[in-house]
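Observations on the model geometry
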Amino acid sequence: MKRYRAVSWLAAAAWIALAVLPAAAADLTVYFGTHTAGPGKGFSVSHFDTVTGALSKPEFLLETPAPAYFVIAPGGRRLYSCNSTGFVSAYSIDPATAQLKLINQKPSGGGDPSYISLDRTGHYVLVANFESGNVAVWALAPDGSLGERTAFVQHTDGGLQPHAHSIRVDPTNRFALVGDTGLDRLFVYKFNVKDGSLTPNDPPFVTAAPGANPRHVAFHPNGRWLYVLTEAGSTIMLFNWDTKRGALSEVQTVSTLPKDFQGKSACAEMQVHPNGKFVYASNRGATVSPSSRWTARPGG
């Protein structure tokens, strides 16, 4: 039996989400989720040749409204998606044909869910609802279906409008971090793997520059460095991560834009290379030359 693993991606310029499943040594199965609604919109599949770099023409798989972001569970047999229309969806993956089949759906608990992730055990799904500014967690049943909701947290702060844009656990699986672009905060919650609950950490958050909009987070493979991508600020912030206390201390902030850039741009997605040497970020509005890159270490 082939073993599968996955990487998920949101290409904001085209409003698609992309995940990759190794189907053979040089052939990757690629899923696309179209972030719009209507006939023929939903999931498509393609193949990527790692030797030639060729990507085959996507073939339509399954109609579903606005799959904004999705992840593939370890083992490659389940796909979980947040639909911008207000749902969280669970799918089974046929390992022979790559076909998707809906298992079940649950209301996301808020408007415009924009991010979904799994905890390190693969027993829980975590979702960030952008429009309503809250986050939620669901337990997963043995058959891969979405079970009971185990946590729900609503962000508030005076007259500001919260916009929770991402949620993911840290490498220890003891904390969950949430980027809120509306409040310019990166929240830290204690995550209880026994019951799937979320409780505010102490301290409960760190604050980015006003209007920077912290959007997505990514950990370095060493588990001690955390990178935060700001949407409107077009920057990457580096923090030292205290794995015992769940505390963050800022080290560095660098721009994602060329020095001579003029105009408007906004960041979308960020990933750290598995070798821990590079951080990749996408700009919507600016094109960075291939030689532009950021080293994944303090002071780089």
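For clarity, every value in this text was computed on a predicted model and none was experimentally measured.

The next thing to look at is the sheet that holds strand 17 (residues 197-207). The strand order across the open sheet formed by four strands is 14-15-16-17, and the pairing between neighbours is antiparallel. At either margin of the open sheet sits one strand with a lone partner, and together these are strand 14 (164-169) and strand 17. Ignoring strand direction, the axes of neighbouring strands in this sheet form an average angle of 25 degrees. Of the strand pairs in this sheet, strand 14 and strand 15 (residues 175-180) are connected by five bridges, and their pairing is antiparallel. Within the sheet, the bridge partner assigned to isoleucine 167 lies in strand 15 and is valine 178.

With that settled, consider the environment of leucine 146. Locating leucine 146 in the fold gives a position in strand 13 (residues 146-154). Overall, the relative accessible area of 4% leaves leucine 146 in the buried class. Taking the C-alpha atoms as reference points, leucine 146 and histidine 123, 23 residues apart in sequence, are found 9.9 Å from one another. Those residues in contact with leucine 146, other than ones at most four positions away along the chain, are Tyr80, Val88, Ser89, Ala90, Asn104, Gln105, Lys106, Val125, Trp138, Ala139 and Leu140.

This part is about the pairing of strand 16 (residues 185-192). For strand 16, a buried count of six out of eight residues is recorded, marking the element as mostly surrounded by other parts of the structure. Bridge analysis of strand 15 against strand 16 gives six bridges, and the strand direction is antiparallel. Bridge assignment links aspartate 180 to a residue of strand 16, and that residue is arginine 185. Hairpin connection, strand 15 to strand 16: the antiparallel pair is bridged by four residues, and aspartate 184 has positive phi, about 55 degrees.

This part covers the pairing of strand 7 (residues 78-83). Burial analysis of strand 7 places five of its six residues in the buried class, the great majority of the element. In this antiparallel pair of consecutive strands, strand 6 (residues 67-72) and strand 7, the connection spans five residues, and glycine 75 shows a positive phi of 100 degrees. The pairing of strand 7 with strand 8 (residues 87-93) spans six bridges and is classified as antiparallel. Bridging across to strand 8, leucine 79 finds its partner in tyrosine 91. Where strand 7 folds back on strand 8, the antiparallel hairpin that results is connected by three residues, among which glycine 86 adopts a positive phi of roughly 110 degrees.

What follows concerns the nonpolar core. If you look at the biggest cluster of nonpolar residues, it comprises 34 residues, and the most contacted ones within it are Tyr80, Ile116, Val125, Val135, Leu146, Ile167 and Leu198. Those residues in contact with leucine 198, other than ones at most four positions away along the chain, are Val135, Val137, Ala151, Val153, Ile167, Ala176, Tyr189, Lys190 and Phe191. Among the nonpolar cores identified, the runner-up in size contains 15 residues, and Leu186, Phe219, Leu226 and Trp241 belong to it.

Procedures and definitions
- Residues numbered from 1 in each chain as written.
- Predicted model: local features only at pLDDT ≥ 70, side-chain atom pairs only at ≥ 80, totals over all residues.
- Heavy atoms only, no water.
- Pairing = 2+ DSSP bridges.
- Helix = DSSP H or I, 4+ residues; strand = E, 2+ residues; numbered from the N terminus.
- Axes fitted to C-alpha atoms, helices over the stretch in contact; angles between N-to-C directions.
- Buried < 20%, exposed > 50% of the residue type's maximum accessible area, 1.4 Å probe, protein only.
- Contact = heavy atoms within 4.5 Å.
- Core = buried A, V, L, I, M, F, W, Y, C linked by side-chain atoms within 4.5 Å.

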